[in-house]
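# Inside the fold
Given next are the chains, with one letter for each unit.
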Amino acid sequence: MPTALIVLAAGQGSRMQSDLPKVLHRVAQAPLLVHALRSGESLSPDRTVIVAGHGGDRVAAMVRIHDADAVVVRQTEQLGTAHAVAQARAALDGFDGDVIVLYGDTPFIRPETLEAMQAARRDGADIVVLGFRATEPGRYGRLVANGDRLEKIVEAKDATPEELAITLCNSGVIAADANTLFDLIDHVGNDNAAGEYYLTDIVSLARAARMSARVVTCPEVETMGVNTRADLAAAEAAFQDRARAQAMDNGATLTAPDTVFLAYDTVIGRDVVIEPHVVFGPDVTIESGATIRAFSHLEGCHVADECVVGPYARLRPGAELDRGVRVGNFVEVKNAQVAEGAKLNHLSYIGDADVGARANVGAGTITCNYDGVFKHRTVIGANAFIGSNTALVAPVRVGDDAMTASGSVVTMDVPDGALALGRARQVNKDGFARRLMAKLRAAKETS
């Protein structure tokens with residue numbers, strides 16, 4: 001059965017106290033909306049429609065980056081969830097299949113949960129609603145059900161005391177055939193305390209039309225919505241707890257898990273060791289057997305097996321470390337390919353560079369890659385030895401088996417096997433320092 005996603009992302013999120021649309025606030029280095037889209041992508045949807053409102057242009061720009069095929073439509077008036085879903089009708093014109101309605105501020109619905117909803121549809125349910133048992137039901141809508149047969153959904157503000165005692169709550173996530181969904185929405189009214197068109201009313205309408213409705217349940221944490229900064233912090237903590245546990249279950253060692261922060265797309269292999277206070281930005285892959293030592297920051301990089309990174313290292317986007325590379329303390333690598341067995345052990349910046357196999361880069365080395373307008377590339381050959389405090393002024397190549405003397409400023413290519421002495425000849429002036437200091441002290445005393 002073809003599947004389409006409708007993701008509601010029109011809320012202003014006034015309680016966030018922010019100019020940024022709520023769904024663009026980040027958890028684990030990605031906007032909330034991206035988390036919702038990634039959950040839905042597990043179903044390989046044929047169409048994806050995002051309903052935007054406040055900050056719609058910014059939401060659309062983010063969606064284009066994540067999914068160029070998704071369609072963004074606008075809800076110009078905030079008249080309720082049924083009204084929001086109705087805005088997707090034109091974008092799904094001619095679509096014959098199921099629709100699942102998700103929420104851009106509810107980032108943690110698991111693919112397995114959505115698959116369970118699909119299974120309930122295949123089993124014959126006309127409407128499938130995702131519910132959860134709430135420890136504090138509060139303002140959640142209540143699911144009035146008989147077993148997994150759903151009778152109706154009641155909003156908390158419209159519920160009776162008996163209904164408020166129900167702990168089975170509505171997540172808002174709904175699955176239905178597209179034609180059924182939009183036909184039912186056409187009959188939704190706004191005769192309620194808020195004067196809004198509730199999507200939840202389609203359940204009562206479906207039951208009145210002798211259609212079947214079922215409940216699929218999931219753990220409460222999956223349905224966590226984000227409405228405030230405190231919610232955002234709680235969502236970050238929930239994501240990190242789950243991601244750390246998953247990494248350890250998959251064979252990684254986190255010596256102080258609570259101090260390691262993972263991104264939404266971090267990939268960590270088996271037998272990886274991650275020491276305390278390591279932060280992963282987006283797009284990082286760590287292959288099996290690598291060690292990431294304490295206080296390191298990685299983003300947009302690939303670390304091959306048996307590498308050691310850190311402590312206090314920074315890998316920026318485009319850093320590619322081949323097998324067995326060593327990147328030590330206070331080393332920054334950006335947009336650089338570092339070949340097998342190379343060593344960048346301390347206090348260096350390697351940017352826009354290719355470092356050959358088994359090359360040794362001494363302390364204080366920098367690649368001078370930027371001339372104020374353009375970036376230029378440095379190439380360091382296999383088995384090259386770069387002396388401490390060398391400045392490599394790009395574009396420049398240091399050949400295989402070549403060396404640079406400590407303190408060199410290298411502005412020309414160094415042939416294979418050659419030694420570059422790129423520094424001025426030292427001159428010692430006997431007694432000059434004593435005479436200079438005496439003059440300075442005398443000047444100070446008379447001033």
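Remember, it's a predicted structure, so these values are computed and weren't measured experimentally.

## Digging into the overall build of the chain
Scanning the chain from terminus to terminus reveals nine helices and 33 strands. A compact globule built from 447 residues would reach a C-alpha radius of gyration of about 22 Å, whereas the chain, at 30 Å, exceeds it by more than 25%. Here the C-alpha coordinates of the chain stretch approximately 105 × 60 × 40 Å along the principal axes. Here the chain holds 447 residues, and 47% of them are scored as buried. Within the chain, contacts between residues separated by at least 24 positions form 44% of all contacts whose residues are at least 6 apart in sequence.

## As for the side chain of Asn192
Relative to the elements of secondary structure, Asn192 occurs in the loop between helix H6 (178-185) and helix H7 (201-208). For Asn192, the side chain forms a polar contact with the main-chain nitrogen of Ala194, separated by 3.1 Å. Residue contacts for Asn192: discarding those within four places in its chain leaves Asp158 and Tyr198.

## Things to note about the side chain of Asn227
Residue placement: Asn227 occurs in the loop between strand E11 (213-217) and helix H8 (229-249). A polar contact of 2.9 Å, which involves the side chain of Asn227, links it to the side chain of Lys22. Residues within four places of Asn227 in sequence aside, it is in contact with Arg15, Met16, Lys22, Asp105 and Arg139.

## Digging into the pairing of strand E1 (residues 3-9)
For E1, the tally of buried residues reaches seven of seven residues, placing the bulk of the element in the interior. Across the two faces of E1 the burial is the same, with Thr3, Leu5, Val7 and Ala9 and Ala4, Ile6 and Leu8 all buried. Relative to strand E6 (residues 98-103), E1 is paired through six bridges, and the arrangement is parallel. Bridge assignment links Val7 to a residue of E6, and that residue is Leu102. As paired strands, E1 and strand E4 (residues 47-52) are joined by six bridges and run parallel to one another.

## Notes on unusual backbone geometry
The step from Gly310 to Pro311 runs through a cis peptide bond, and the omega angle for that step is 5°. Within the secondary structure layout, Pro311 lies in the loop between strand E20 (308-309) and strand E21 (314-315). Residue Pro395 follows Ala394 across a cis peptide bond; omega there is 0°. Looking at where Pro395 falls in the secondary structure, it is placed in the loop between strand E29 (391-393) and strand E30 (396-398). Positioned with a positive phi, Leu347 is a non-glycine residue whose angle comes to about 55°. A positive phi angle, near 65°, is found at Asn383, a position not held by glycine.

## Here we look at the nonpolar core
Counting 65 residues, the largest nonpolar core has Ile6, Leu33, Ile127, Leu181 and Leu199 as its most contacted members. Top contributing element to this core by residue count: E1, with six residues. With residues up to four places along the chain from it excluded, the contact list for Leu33 reads Val7, Ala9, Val23, Ile50, Val59, Met62, Val63 and Gly104. Counting 58 residues, the second-largest nonpolar core is a separate cluster that includes Phe108, Val284, Ala336 and Ala402.

## Description of the packing of aromatic side chains
What the rule picks out here adds up to four aromatic pairs. For the ring pair Phe132 and Tyr140, a centre distance of 5.0 Å and an interplane angle of 90° mean the geometry is edge-to-face. Exposure remark for Phe132: the relative accessible area of 1% places this residue in the buried category. A relative accessible area of 29% means that Tyr140 is categorised as partly exposed. An aromatic cluster of three or more residues is present, and its members are Phe295, Tyr312 and Phe330. Taking NZ or CZ as reference, Lys375 lies 5.5 Å from the ring centre of Tyr370, over its face.

## Section: the packing of H6 against H7
Relative orientation of the contacting elements H6 and H7 amounts to 100°, with a least axis distance of 9 Å. When the interaxial angle is binned, H6 and H7 end up roughly perpendicular. Residue-level inspection shows Leu181, Leu184 and Ile185 of H6 in contact with H7, the latter providing Ile202, Leu205 and Ala206.

## Examining the pairing of strand E9 (residues 149-154)
Alignment of strand E8 (residues 142-146) against E9, held across five bridges, turns out to be antiparallel. The residue of E9 that forms the bridge with Asn146 is Arg149. Hairpin connection between E8 and E9: a loop of two residues separates the two successive antiparallel strands, and Gly147 in this loop has a positive phi of roughly 70°.

## Let's talk about the pattern of salt bridges
Counting across every chain of the model gives 21 salt bridges. Of the charged contacts in the structure, one is a salt bridge between Asp98 and Arg121, with a shortest N-O distance of 2.7 Å. Here Arg121 lies in helix H4 (residues 111-122) and Asp98 lies in strand E6, a separation of 23 residues in the sequence. Like Arg121, Asp98 is buried. Between Asp352 and Lys334 there is a salt bridge, with the nearest N and O atoms lying 2.6 Å from each other. Of the two residues, Asp352 is situated in strand E24 (residues 343-355) and Lys334 in strand E23 (residues 326-338); the sequence distance between them amounts to 18 residues. There is no split in this pair, since Asp352 and Lys334 are both buried. Ionic contacts of the salt-bridge type, sharing partners, join the residues Glu299, Arg314, Arg316 and Glu332 into one network.

What counts and what doesn't
Residues numbered from 1 in each chain as written. Predicted model: local features only at pLDDT ≥ 70, side-chain atom pairs only at ≥ 80, totals over all residues. Heavy atoms only, no water. Helix = DSSP H or I, 4+ residues; strand = E, 2+ residues; numbered from the N terminus. Rg over C-alpha atoms; globule rule 2.2 N^0.38 Å. Buried < 20%, exposed > 50% of the residue type's maximum accessible area, 1.4 Å probe, protein only. Contact = heavy atoms within 4.5 Å. Polar contact = N/O pair within 3.5 Å; in protein donor to acceptor, adjacent residues only side chain to side chain. Pairing = 2+ DSSP bridges. Core = buried A, V, L, I, M, F, W, Y, C linked by side-chain atoms within 4.5 Å. Phe/Tyr/Trp six-rings, centres within 6.5 Å; stacked < 30°, edge-to-face > 60°. Lys NZ or Arg CZ within 6 Å of the ring centre and 35° of its normal. Axes fitted to C-alpha atoms, helices over the stretch in contact; angles between N-to-C directions. Parallel < 35°, antiparallel > 145°, perpendicular 65-115°, else oblique. Salt bridge = Lys/Arg side-chain N within 4 Å of Asp/Glu carboxyl O.

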